[in-house]
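# Fold and geometry: a report
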Amino acid sequence: MAPESPKIALYPGSFDPFTYGHLDILERACHIFDTVIVTVARNSSKRALFSSEEKKALVESCIGHLPNVRVEIFEGLLVDYAKSSGAGALVRGLRQVSDFDYEFRMAFANRRLAPEIETVFLMTSERHALISASIVREIHSHQGDITSFVPEPVFKALQNK
Ligand code: PNS
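Starting from 1, residues in each chain are numbered consecutively following that chain's sequence as written. The predicted origin of the model limits local features to residues at a pLDDT of at least 70 and limits the giving and counting of side-chain atom pairs to 80 or more, whereas totals for whole chains, interfaces and linings rest on all residues. Computation of side-chain values covers all heavy atoms of the structure but excludes hydrogens and water.

## Brief notes about empty space enclosed by the protein
- Only protein atoms enter the 1 Å grid, on which a cavity is a set of points fitting a 1.4 Å probe that cannot get out and a pocket is an open set with protein on both sides within 12 Å along at least 5 of 7 lines, lining residues being those with an atom within 4 Å of a point. Grid points are joined across faces, edges and corners, and a volume is the space filled by probe spheres set on the points. Per the stated rule, a full pass over the model turns up 1 cavity of 30 Å³ or more.
- Forming the walls of the largest cavity are Leu 78, Leu 90, Arg 92, Glu 103, Met 106, Ala 107, Asn 110 and Thr 119.
- Helical segments are the DSSP runs of H or I of at least four residues, strand segments are the runs of E of at least two, and each set is numbered from the N terminus. When residues in the lining of the largest cavity are grouped by element, the largest group, 4 residues, is from helix H4 (residues 100–113).
- Each residue is assigned to one of three groups, with Ala, Val, Leu, Ile, Met, Phe, Trp, Tyr, Cys and Pro labelled nonpolar, Asp, Glu, Lys and Arg labelled charged, and all others, Gly among them, labelled polar. Split by residue class, the lining of the largest cavity holds 4 nonpolar, 2 polar and 2 charged.

Next up, the structure:
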């Protein structure tokens, strides 16, 4: 019997910034797939807090304990990037019911474009269900305490912003 090819998944997102919620989903994905590529979408808006390169470096500084993860920046259609990476799955995190509408529309669009690529939804732990990057940015903009929302390297980078 031919050996199975390694299972590669993309974990795409804006990651502005990378939160404990993202890390939680990534750790879960690592148990399911042989390789997970965190794919940072290149910024199209100037309003992002971090540049794509900064985001890539920040994710890298949070994943020392995850040997089967690498981080890349992508532009263009996600499914094209998945095909060129040999990935058969896209991982997305679900926190609460309100995520469903956007996530379903995106998953159906991606399936229409590339039926061979599956979107896999993983649930965050309850502890992280209310974290979002936009809430972190909002709290940070008012000098609030975000230590329980983001890993330490991200916290330090935010302090320097
Ligand atoms: O963290 P986000 O902002 O919810 O991530 C959204 C992202 C980057 C995964 C999504 O916008 C995306 O895949 N953009 C690339 C363009 C694309 O392929 N769009 C088709 C899906 S609607």
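## A closer look at a nonpolar patch on the surface
- A surface patch of nonpolar side chains, about 300 Å² in accessible area, is lined by Phe 100, Phe 104 and Phe 108.
- With respect to the helices and strands, the residue Phe 100 is situated in helix H4. A patch consists of residues whose relative accessible area exceeds 30% and which take part in no salt bridge; residues with like charges are grouped when within 9 Å of each other, and nonpolar side chains (Val, Leu, Ile, Met, Phe, Trp, Tyr) when within 5 Å. For every accessible area listed, the method is Shrake-Rupley and the probe measures 1.4 Å; residues are considered covered only by the protein chains on display. We define a salt bridge as a contact between a side-chain nitrogen of Lys or Arg and a carboxyl oxygen of Asp or Glu at a distance within 4 Å.

## Overview of unusual backbone geometry
- Of note, the amide linkage connecting Asp 16 to Pro 17 takes the cis form, showing an omega dihedral of 5°.
- Locating Pro 17 in the fold gives a position in the loop between strand E1 (8–13) and helix H1 (20–32).

## Brief notes about the site of the ligand
- With respect to spatial proximity, the complete set of residues near the ligand consists of Pro 12, Gly 13, Ser 14, Ala 41, Phe 74, Gly 76, Leu 77, Leu 78, Arg 92, Tyr 102, Met 106 and Asn 110.
- A distance of 2.5 Å separates an oxygen atom of the ligand from a polar atom in the side chain of Ser 14.
- Nitrogen and oxygen atoms within 3.5 Å of one another constitute a polar contact, given that in protein one can donate a hydrogen and the other can accept it, and given that sequence-neighbouring residues count only through two side-chain atoms. In this structure, an oxygen atom belonging to the ligand sits 3.3 Å away from a side-chain N or O atom of Tyr 102.
- In isolation the ligand exposes 550 Å². Once the protein is present, 69% of that is buried.
- Should more than half of a molecule's atoms lie within 2 Å of a pocket's or cavity's grid points, that molecule is taken to sit in it. Judged by the fraction of its atoms near the pocket grid, the ligand is located in the largest pocket. Working definition: residue near molecule or strand if any one of its non-hydrogen atoms lies within 4 Å of it.

## Thoughts on the environment of Met 123
- Looking at where Met 123 falls in the secondary structure, it is placed in strand E5 (residues 118–123).
- Exposure remark for Met 123: the relative accessible area of 64% places this residue in the exposed category.
- Considered as a pair, Met 123 and Arg 28 are 95 residues apart in the sequence and their alpha carbons are 8.9 Å apart.
- Here Met 123 is in contact with Asp 24, Ile 25, Arg 28 and Leu 94, once residues within four sequence places are set aside. Classification of residues uses two cut-offs on accessible area relative to the type maximum, computed with a 1.4 Å probe and protein chains only: under 20% is buried, over 50% is exposed, and between them is partly exposed. The contact criterion used throughout is that any non-hydrogen atoms of two residues lie within 4.5 Å.

## Here's the deal with the environment of Arg 70
- Mapped onto the secondary structure, Arg 70 falls in strand E3 (residues 69–74).
- For Arg 70, a relative accessible area of 40% corresponds to the partly exposed category.
- Separated by 25 residues in the primary sequence, Arg 70 and Arg 95 have C-alpha atoms spaced 24 Å apart.
- Those residues in contact with Arg 70, other than ones at most four positions away along the chain, are Thr 35, Val 36, Ile 37 and Val 38.

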